[in-house]
Amino acid sequence: KVITVPITDAMTPNMYVQVDLVGMTDRLETIKGVDPDPKLPKRPAYAVGSLNLPVPPKQRTLEVIVTPAAAKVGPGERTGLTVQVKDSQGRPVADAELAVMVVDEAVLALTGYKHVNPIDTFYGARGADVRDHYLRSYVKLAKPDAATVTGSTGGPGGGRTRSNRRAAGDGEKDEMAREESGAYGGGLAAADAPAAEPTTTAPAPVAKAEAKMDKNSVADLQQAGQGQQPGQPTGPSIALRTNFNPLAAFAPSTKTNASGMATVEVKMPDNLTRYRIVAIASLGTKQFGKGEGAVTARLPLMVRPSPPRFLNFGDTFKLPVTVQNQTDLPMSVKLAARTTNAALVDGAGREVMVPANDRVEILFPAAAEMAGTARFQFVGTAGSYTDAAEVSLPVWTPATTEAFATYGVIDDGATSQPVALPEKVITAFGGIEVTTASTNLQALTDALLYLVRYPYECAEQRASRIMGIVALKDVLAAFKTADLPSPAVMQNSVISDVERISQMQNYDGGFAFWERGRPSEPYLTVYVANALIRAKAKGFEIKPGIIERAQMYMRNIENYYPYYYGPEIRQTISSFALYTRKLMGDVDIAKAQRIYREYSGPTKMNMEALAWLLGTMTGDAKAATERQQIVRHAMNKVSETAGAANFTVGYSDGAHLLLASDRRVDAVMLESLIQEKQDLDLIPKIVTGLLAHRKKGRWLNTQENTYALLAMDLYFRTYEKTTPDFVARVWLGNDYAGDHAFKGRTTDYFAIPIPMKDVAAHDKQALTIQKDGKGRLYYRIGMTYAPASLKLDPADYGFVVTRTYEGADDPKDVTRDADGVWHIKAGARVRVKLNMINENRRYHVALVDPLPAGLEPMNPALAVTGPIPLDPNEQKSRGAYWWWYGPWYEHQNMRDERVEAFASLLWEGVHRYQYVARATTPGNFVVPPPKAEEMYMPETFGRGGSDRVIVE
């Protein structure tokens, strides 16, 4: 029998057809050697069949046709796009909504990105979403009358014996079991086996891409070489290509007219490339479509410079410029260059013949002049055809710079500091900066600088930068040194860090160091939540749900401790979580008292946990006894001298789980004591001791600097009460350097920069600072310099680091001469090998390898296809766990000027790291030494030697 079912649009995108057949069968197999008897009754039988029938959404698919006004346009020109939308019958669709994007094809091709058709997103195959339950196999047959049933031998007559009846009964049960398993009839289905449900994977949602149009105005460069050839007649202006935005247009909501047409106007950026045009259409909630097209930006004459991504002071190189002729006739091109902060060592002009539809590469030998930014402008002319381009790149000082700072106060009179320069410094770099202020907040400049400039950007380091900036948000105007970014820049830094951290939160509300998906770290989670809460309190926007999920994590943080967290680790993190919850208004004094009792009070708890508990319970009368006991315990355990005081805390091997340090304990206890007992005479001594532990104007790591800034900010806001009214004057030798008057309460400061060339002229002379008037003068004298020698010898203060280069494809591509200079063939792939040796276990290690400017690192994902086994030394150090696979590092960064690898726990042994780079720019390049350090104990470090690389 044929059953006809009409297919309707409502069945889109697929339907499941299932047929259930039930009935009776007389097909009986032999049971226990007994032939079937035709007089026995028929047995119940059933069968099931199903089919997943796709119903394509043809009636809901829109046809989208994209047509550019011109297939080829010039950079910076305006052009139009026409988008036509039709339904499945080919009829124009009015009032359809379009999202139109014009994107650089090269950017999309890097990852092979394809825009998803919305039809595939909204009409992915669906499951049956039903389950079948069959009861047919449970039907019990009535026993036939004994007088009419044949005996066990199959002969007529006679009734069954008792034994025969028992055998027949067993046979019935056996037959029933066979029916349940589907043994009869071949096609009969098991009674309670539900039909299989097909599984489908929904297509991934379309990723939202956001980009901003470049608002920089297009500059004009006068006729080629005119800036270097005075007296020549002025020619027509040449458009300088500066807008290289990969997003040419984004029209998210464009409507079609009655004819199903829509137009989009596009102003092309200055890129010379092919653009992909994508139009996504929707009509109501059921009809969708996608169309694509292409437009190419080109010029008859194109000038394309290909500079390195950066330069080091002391580099000389050959800057490649490609001149392309896209006409059918040969072209004589005049090319001129103009530079800022870079010297062209072989002339600024060239004339070259470029064949038809061909290109020629021209090399401009150049050298970096000073640290800063180098800019290059190139202009080409050939009759009426012109093109110009501008590029800029940073010029770094080699990693041989050193900085020192000293601080002091003057209540009356003057002070002198001798000035003695190291031998052979570069007079074009560095100098002395004298900073005077009427508040000691200026003494925190280097600590804040350290956080702002910290080069690694895990969740902890971003959170530290947030807290350091928001702690001083109201007094950022006091930090306008030449080194410190403006308050607006630091505000934007906080916004960026908050956004990035928000993307790193795991589903349990916790955070990992580098990226979402890794196990959440309890201490890090509380620390990041603390930073976000402080940022929110200062007016920064936090996405909804971020803090709330972290709050739930902290309320139940004891559930997230790994088994190897000891009691001292648990008590510290739990206490820290309580203090952080208090900042968000979630005060839990009962839990604080429970933790205090659980660990038998102050004698069994470490000082950091007590400091957090004191800060949590401050101001609560119910916890008065606990607060008094903690303060008394702190007074008994403090290490105190006549002028300074500090605390110590001892952790076992798990200290790295807390990023612990004694200076952090000083800062946390200082903050809690200020809130608990402002008149305590121990507080000024703790401040003195905390400031005395700075090295070169800052504390050792991000944790210490962050908590010190928070505590010192509270101290200054609480205790400074003097109204300044004085004048500060500065002399270098007998030469007057400047002065500044301080009147009234202000966080303003005055900075006097003295260039290194002037400092060198007054070598061995004294720097004098004088105060005239009432109040206290705080001063900072900072010196920055770069040794004239760009070559550093290796150093071992906990790590031994070495670096070698070798040809990745041909050993002859990389050689080293007797002087130790590396020679690399231009265009070759280079394998960079780093060896790092540490004799003891290290925590939170950063391995950094600066690059020569002529090399660019390649994406490691293109070369590494699987897990990397441990090297033999590390296998030995792990003992029974040698089978563990994976690199020693947890995270790596490929930056323009350096490559970085990080490990939270580094076992003792020899560790190898390698990557592949390509030699892209010919030249003679300075290569700073590779370096390894413990990020939270930076005095534990090691470096290799400086190198010189020649790409030829």
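All residue numbers refer to position in the chain's written sequence, counted from 1. Only residues with pLDDT of at least 70 get local features here, since the model is predicted, and only at 80 or more are side-chain atom pairs given and counted; chain-wide, interface and lining totals rely on the full set of residues. Here the side-chain values reflect all heavy atoms present in the structure, with hydrogen atoms and water set aside.

### Thoughts on the overall build of the protein
Stage number 1. In DSSP terms, a helix is any run of H or I states spanning at least four residues, a strand is any run of E spanning at least two, and both are numbered starting from the N terminus. Scanning the protein from terminus to terminus reveals 17 helices and 45 strands.
Stage number 2. The classification of residues rests on relative accessible area computed with a 1.4 Å probe and restricted to protein chains. Under 20% of the type maximum is buried, over 50% is exposed, and intermediate values are partly exposed. Taken across its 952 residues, the protein has 48% of its residues classed as buried.
Stage number 3. Note on contacts: a residue pair is in contact if any heavy atoms of the two residues lie within 4.5 Å. Considering only intrachain contacts with a sequence separation of at least 6, the fraction spanning at least 24 residues in the protein is 74%.
Stage number 4. Surface accessibility in these figures is a Shrake-Rupley result with a 1.4 Å probe; residues are shielded only by whichever protein chains are displayed. Entry remark: accessible area of the protein is about 46,400 Å², with carbon and sulfur atoms responsible for 52%.

### Focus on the packing of aromatic side chains
Stage number 1. For Phe, Tyr and Trp, where Trp contributes only its six-membered ring, two rings pair if their centres lie within 6.5 Å, and the inter-plane angle classes them as stacked under 30 degrees, edge-to-face over 60, or tilted in between. By the definition in use, this model includes 29 aromatic pairs.
Stage number 2. Between tyrosine 46 and tyrosine 134, the aromatic rings sit 6.0 Å apart at their centres with planes inclined by 10°, giving stacked as the arrangement. Of this pair, tyrosine 46 sits in strand S2 (residues 43–54) while tyrosine 134 is found in the loop between helix H2 (118–122) and helix H3 (162–180), placing the two residues 88 residues apart along the sequence. Tyrosine 134 shares its class with tyrosine 46; the two are buried.
Stage number 3. With 5.2 Å between their ring centres and 90° between their planes, tyrosine 563 and tyrosine 564 make a pair best called edge-to-face.
Stage number 4. Its relative accessible area of 76% is what places tyrosine 563 among the exposed residues.
Stage number 5. One aromatic cluster is present, formed by Tyr523, Tyr527, Phe576, Tyr579, Trp612 and Tyr707 through successive ring pairs.
Stage number 6. Sitting over a ring, as applied to charges here, requires NZ of Lys or CZ of Arg to be within 6 Å of the ring centre and within 35 degrees of the ring normal. A cation sits over an aromatic face here: arginine 694 above tryptophan 699, 6.0 Å from the ring centre.
Stage number 7. The ring of phenylalanine 726 has lysine 771 sitting right over it, with the charged end atom 5.5 Å from the ring centre.

### Re helix H15 (residues 702–719)
Stage number 1. Expected span of a helix, by definition, is 1.5 Å for each gap between consecutive residues, and there is one gap fewer than residues. Helix length check: H15, at 18 residues, gives a terminal C-alpha distance of 26 Å against a target of 26 Å (1.5 Å per residue), a fit within 8%.
Stage number 2. Of all 18 residues in H15, 16 are buried, a share of seventy percent or more.
Stage number 3. Polar contact is the term for a pair of N or O atoms within 3.5 Å; when the atoms are in protein, one must be able to donate a hydrogen and the other to accept it, and sequence-neighboring residues count only if both atoms are side-chain atoms. The opening residue of H15 is asparagine 701, an N-cap whose side-chain oxygen sits 3.1 Å from the backbone nitrogen of glutamine 703.

### Concerning the pairing of strand S41 (residues 909–919)
Stage number 1. The buried fraction of S41 amounts to 8 of the 11 residues, a majority that puts the element mostly inside the structure.
Stage number 2. Pairing geometry for strand S36 (residues 829–838) and S41, over 10 bridges, is antiparallel. Its bridge partner being in S41, valine 830 is matched across the sheet by alanine 917.
Stage number 3. Any two strands with at least two DSSP bridges between them are considered paired. By the bridge criterion, 3 bridges tie strand S38 (residues 855–857) to S41 in an arrangement that is antiparallel.

### Some words on the sheet that holds strand S23 (residues 413–418)
Stage number 1. Taking strand neighbours across the sheet as the criterion, the 4 strands line up as S23-S30-S27-S28 in an open arrangement whose pairing is antiparallel. Strands with a single pairing partner mark the edges of an open sheet, and in this sheet they are S23 and strand S28 (735–743). This sheet shows a mean twist of 15° between the axes of neighbouring strands, independent of strand direction.
Stage number 2. Looking at chain direction, S23 and strand S30 (residues 766–774) are connected through 6 bridges and run antiparallel. The partner of proline 418 across the bridge, within S30, is alanine 766. Helix axes are fitted to C-alpha atoms over the stretch in contact, other axes to C-alpha atoms as well, and angles between N-to-C directions run from 0 to 180 degrees.

Read these as geometric descriptors, not functional statements.
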